[in-house]
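Residues per chain are reported as follows:
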Amino acid sequence: LQANEADPTSDGDIYWDNDVIDIDELRTRASAFAEQWAAENAAAPSDAGPFVLIRADARIPVRRLVEVFGILKDAGITNLGVGAEPAGENAGAP
């Protein structure tokens, strides 16, 4: 897999590699991604792990972002990057 992106938008949609998914599918995909990464990187250092970039616009409720963080953590994904877009003309676009 290439680097994945979990992208919650201000209207509550979650995108994973450009697919709109619900919270249950996020759990499924995050777990599958973490398992595949572990299988492909068995010789990696113990502090290495799968990486997910989270992109969110400025209008996303914090509780939604925290929910996404929690799901990723529960799946074993702790290497997270966060990219934010300011509210404005393109805010909310995937």
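Residues numbered from 1 in each chain as written. Predicted model: local features only at pLDDT ≥ 70, side-chain atom pairs only at ≥ 80, totals over all residues. Heavy atoms only, no water.

Quick notes on the confidence of the model for the chain
- When pLDDT is averaged along the chain, the result is 80, and 77% of the positions lie at 70 or above.
- Within the chain, the lowest mean pLDDT, 62, falls on strand S1 (residues 4-8), and the highest, 94, falls on helix H1 (residues 23-40). (pLDDT = per-residue confidence, 0-100. Helix = DSSP H or I, 4+ residues; strand = E, 2+ residues; numbered from the N terminus.)

Concerning the environment of Ile-54
- Inspection of the secondary structure puts Ile-54 in strand S4 (residues 51-57).
- Taking the C-alpha atoms as reference, Ile-54 lies 8.9 Å from Val-68; in sequence the two are 14 residues apart.

A look at the nonpolar core
- Membership of the largest hydrophobic core comes to 18 residues, with the highest contact counts inside it found for Trp-16, Leu-26, Val-52, Leu-72 and Ile-77.
- For this core, the secondary structure elements donating two or more residues are strand S2 (14-16), H1, S4 and helix H2 (62-74). (Core = buried A, V, L, I, M, F, W, Y, C linked by side-chain atoms within 4.5 Å. Buried < 20%, exposed > 50% of the residue type's maximum accessible area, 1.4 Å probe, protein only.)

Things to note about the pattern of salt bridges
- The full count for this structure, using the stated rule, is four salt bridges.
- Here Asp-24 and Arg-27 are joined by a salt bridge, their closest N and O atoms 3.1 Å apart. In this pair, Asp-24 and Arg-27 both sit in helix H1, three residues apart, roughly one turn of the helix.
- Among the charged side chains, a salt-bridge network with shared partners connects Asp-19, Glu-25 and Arg-29. (Salt bridge = Lys/Arg side-chain N within 4 Å of Asp/Glu carboxyl O.)

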